[in-house]
Amino acid sequence: MPKTQNRKPPFALRALAVFGVTIGLLFLLLLGAYALPGGPVRAHLEPSAQTIIQEGLYPSYFGFKLFQMDNYTDTLMLMEAATADETDPLTAMMTNTAYNVDNFETLGEDLARYLEARAAGENAPADLEPFSYARYWHGYMIWLRPLLCLMPYSGVRVVQYLVLFALFAAVLVLLRRRCGLRAAVWFAVSQLLVTFFWVPHQIQYFTCFAIAYAGCDWVLARPRRSDALCLGLVALGVATAFCDLLVTPILTLGLPLACWLLEPQQRLRAGGRQCALVFGGCLCWGTGYGVAWALKWVLAGLVTGQNIIADAVHQIGVRTAADTWHGMELTWGNIIQFVYSTLADRGLFWPLVLLAVVLVAVFCLSVRSRAALGRAAPLALAAVLPLVWFAALRTHSIQHGWFTWRSLGLTLFAGMAFLYYACDLRTIGKRLKQKRESI
């Protein structure tokens, strides 16, 4: 009888409970953010609009495309924060209204003009056309609108820097404590290489990194069973769909998962079982992510009367099917031809092919053993998750490559761990020596 009483509910029921609690809590927090008065928000947005105008919509560090910021999307976010009190909180939360988004070159000025009109007690200027961005939850408003009640956009950036660096430091400390110094170094190097230190400069960049680092902290805070990990990934998937605008969502799955795999008690287990857990974790995260996102389409359609589901399905097709980029249709054949032509024109194709052959040979010769390769295989699966994501959303990933590339921070982190546990360069010398002796 006691054993029956202590038996846990089925995993599906626990996952459903985690989903319900997470989405319910986020819903209430977002509704509360939309219920805040708009006056203080718009007062702090007036200097914020000037900041956007001065910086431009797409400033970049050192003139390098991959270091480009995205003030355009952040301005949309600020516009939505400003318009939130045009109607009741629930309707505003479902419609997510911005203005004149098609004429992106003047978006900063449009925000300033909107704020001037509202300050004068008027509605939006007649030439500013409203746009409903209802296919996303826009959960970043949970912290953006409260912060804008207290400070301008520049202050929001400072808060984001403090939060992200605190979360990052906590990951390093916990990795050092639970997984060893090497794991902490791998994490630090991988995040530095994808310039995480510029991420808090933008609201949309900040979101996924903050959720991912918080997920890593939760995973590493104490030993987690595989079922607890999967439940946590359900919650992370929901939070990602709720707050992100399709920037680097795969990080919120892969980084916590890689941290869990690096714990000593996990690395000593059979690789096949851990690979199955990786697939199971992906399924849990993906279910939380997909169902939470689809729930917004349904609720927004019911509240607004608009066909949000049709718009969302259309946008999914645009981001996953072939589209055009600089006049080129993004079919796999065209992508491969473009890469080949670009490298060949610069005389890099055959040198890179030779380098790839050498690296593959070095890898094959340096593998410690089949057992070591099998135990490290789950980390390899984590490392390729961004590549799978890029392939599935190739149009979006290519068109927005200047920010989606930071997902490769997961590939670098898990990839370095995989190579360390699967390979040993000293093995090459031993094998070559054995080969010469056998001859």
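Note: the structure precedes this text.
Residues numbered from 1 in each chain as written. Predicted model: local features only at pLDDT ≥ 70, side-chain atom pairs only at ≥ 80, totals over all residues. Heavy atoms only, no water.

Colleague: How should I be thinking about the overall build of the protein chain in this particular structure?
Modeller: Of regular secondary structure, the protein chain possesses 22 helices and four strands. Across the 439 residues that make up the protein chain, the buried fraction comes to 49%. The contacts of the protein chain with a sequence gap of at least 6 include a subset with a gap of at least 24, amounting to 81%. (Helix = DSSP H or I, 4+ residues; strand = E, 2+ residues; numbered from the N terminus. Buried < 20%, exposed > 50% of the residue type's maximum accessible area, 1.4 Å probe, protein only. Contact = heavy atoms within 4.5 Å.)

Colleague: Quick question: what am I supposed to make of the packing of aromatic side chains here?
Modeller: The relation between two aromatic rings is expressed through the spacing of the ring centres and the mutual angle of the planes. Evaluated as defined, the whole model comprises 36 aromatic pairs. Ring geometry for F27 and W137: centres 6.2 Å apart, planes at 85 degrees, overall edge-to-face. Of this pair, F27 sits in helix α2 (residues 11–34) while W137 sits in the loop between β2 (130–132) and α7 (141–148); the two residues are 110 residues apart in sequence, bridging distant segments of the chain. What makes F27 partly exposed here is its relative accessible area of 22%. (Phe/Tyr/Trp six-rings, centres within 6.5 Å; stacked < 30°, edge-to-face > 60°.)

Colleague: Mind showing me how you'd approach a nonpolar patch on the surface here?
Modeller: On the surface, L90, V298, L302, V303, I309 and V313 cluster together into a nonpolar patch covering about 500 Å² of accessible area. Breaking the nonpolar patch down by element, the ones donating at least two residues are α14 (271–304) and α15 (308–320). Top element by residues in the nonpolar patch is α14. It accounts for three residues. Relative to the helices and strands, L90 resides in helix α5 (residues 89–95). (Patch = residues over 30% accessible without salt bridge, like charges linked within 9 Å, V, L, I, M, F, W, Y side chains within 5 Å. Areas by Shrake-Rupley, 256 points an atom, 1.4 Å probe, with all protein chains shown as cover. Salt bridge = Lys/Arg side-chain N within 4 Å of Asp/Glu carboxyl O.)

Colleague: Where do I start with the pattern of salt bridges in this structure?
Modeller: Proximity of charged atoms lets side chains of opposite charge pair with each other. Scanning all chains against the criterion turns up 10 salt bridges. Measuring nitrogen to oxygen at the nearest pair gives 2.8 Å for the salt bridge that ties D85 to R42. One end of the pair, D85, is in the loop between α4 (71–83) and α5; the other, R42, is in helix α3 (residues 38–55), and 43 residues separate them in sequence. Its salt-bridge partner being D127, residue R113 comes within 2.8 Å of it at the nearest N-O pair. Highlighted residues: R113 in helix α6 (residues 107–119) and D127 in the loop between α6 and β2, separated in sequence by 14 residues.

Colleague: So what exactly am I meant to see when it comes to the side chain of R42 here?
Modeller: For R42, a relative accessible area of 12% gives the class buried. When neighbours within four sequence positions are excluded, R42 is seen to be in contact with A82, D85, L115 and R118.

Colleague: Help me understand the environment of Q54, please; the structure alone is not making it clear to me.
Modeller: Within the element layout of this structure, Q54 appears in helix α3. Separated by 34 residues in the primary sequence, Q54 and G20 place their C-alpha atoms 43 Å from one another.

Colleague: Explanation requested: helix α16 (residues 332–345) in the structure shown.
Modeller: Taking 1.5 Å per residue as the helical rise, α16 with its 14 residues ought to reach 20 Å, and the 20 Å between its terminal C-alpha atoms agrees with that figure. G347 sits one or two positions beyond α16 and adopts a positive phi of about 70 degrees. (Expected span 1.5 Å × (residues − 1).)

Colleague: Please explain the packing of helix α11 (residues 226–243) against α14 as it appears in this structure.
Modeller: The geometry of a pair of packed helices is captured by two quantities: the angle between their axes and the separation between those axes. Orientation of α11 relative to α14, taken along the N-to-C sense of each, is 30 degrees, at an axis distance of 7 Å. Compared by their axis directions, α11 and α14 come out roughly parallel. Like other packed secondary-structure pairs, α11 and α14 cross with a definite hand, here right-handed. From α11, S226, C230, L233, V234, L236, G237, V238, T240 and A241 reach across to α14, where they touch L277, G280, G281, C284, W285, G288, Y289, A292 and W293. Taken together, the residues of the contact of α11 with α14 break down into 12 nonpolar, six polar and no charged. (Axes fitted to C-alpha atoms, helices over the stretch in contact; angles between N-to-C directions. Parallel < 35°, antiparallel > 145°, perpendicular 65-115°, else oblique. Left-handed = near helix turned anticlockwise from the far one by under 90°. Nonpolar A, V, L, I, M, F, W, Y, C, P; charged D, E, K, R; others polar.)

Colleague: Looking at this structure, I do not really get empty space enclosed by the protein. What am I missing?
Modeller: Evaluation of the coordinates by the stated rule reveals three cavities of 30 Å³ or more. Taken as a whole, the largest cavity encloses approximately 40 Å³ of empty space. L261, Q266, R267, Q274, R375, P378 and L379 together form the lining of the largest cavity. Broken down by secondary-structure element, the contributors of at least two residues to the lining of the largest cavity are α13 (264–267) and α18 (370–392). With three residues, the single largest contributor to the lining of the largest cavity is α18. Of the residues contributing to the lining of the largest cavity, the split by class is three nonpolar, two polar and two charged. Estimates place the volume of the second largest cavity at around 40 Å³. Taken together, L246, V247, P249, W389, F390, H396, S397, T404 and S407 make up the lining of the second largest cavity. In terms of residue class, the lining of the second largest cavity is built from five nonpolar, four polar and no charged. (1 Å grid on protein atoms, 1.4 Å probe; cavity = no way out; pocket = protein on both sides within 12 Å on 5 of 7 lines; lining within 4 Å. Points joined across faces, edges and corners; volume = space filled by probe spheres on them.)

Colleague: Teacher, can you tell me more about the nonpolar core here?
Modeller: In summary, soluble globular proteins display a tendency toward joint burial of nonpolar side chains. With 129 residues, the main nonpolar core has L78, L144, L175, Y213, L255, L262 and F413 as its most contacted residues. Setting aside residues no more than four positions away along its own chain, L78 makes contact with L45, S48, I52, L111, L144, L148, Y153 and I203. (Core = buried A, V, L, I, M, F, W, Y, C linked by side-chain atoms within 4.5 Å.)

Colleague: In this structure, what is going on with the state of the cysteines? I would like to understand it.
Modeller: A disulfide bridge is the covalent bond that connects two cysteines by way of their sulfur atoms. Counted under the stated rule, the structure contains zero disulfides. The thiol sulfur of C364 is not disulfide-bonded, and the nearest other cysteine sulfur, from C423, lies at 8.8 Å. On the basis of relative accessible area, C423 is assigned to the buried category, the value being 12%. (Disulfide = S-S within 2.5 Å.)

Colleague: Looking at this structure, I do not really get α18. What am I missing?
Modeller: Because each turn of an α-helix spans 3.6 residues, side chains separated by three or four positions end up pointing in the same direction. For α18, which comprises 23 residues, the first-to-last C-alpha distance of 31 Å matches the rise-based estimate of 33 Å (1.5 Å per residue) to within 8%. For α18, the principal kink sits at A377 and spans about 40 degrees; a proline, P378, occurs within the next four residues. Buried-residue contacts for α18 involve α12 (250–262), α14, α19 (394–399), α20 (401–404) and α21 (408–422). (Bend = angle between axes of the 7 residues up to and from the residue.)

Colleague: How do you make sense of unusual backbone geometry when you look at a structure like this?
Modeller: Excluding glycine, most residues fall at negative phi; most peptide bonds, likewise, are trans. Within the chain, H138 stands out as a residue other than glycine whose phi angle is a positive 60 degrees. Tracing the backbone through its elements, the reader meets H138 in the loop between β2 and α7. Since its relative accessible area comes to 0%, H138 is described here as buried. Even without a glycine there, the phi angle at L246 is positive, about 65 degrees.

Colleague: Which parts of the structure should I look at to understand the side chain of D424?
Modeller: One can find D424 in the loop between α21 and α22 (426–438). Accessibility expressed as a relative area gives 15% for D424, which makes it buried. If we skip the residues at most four places from it in the chain, D424 touches S366 and R368.

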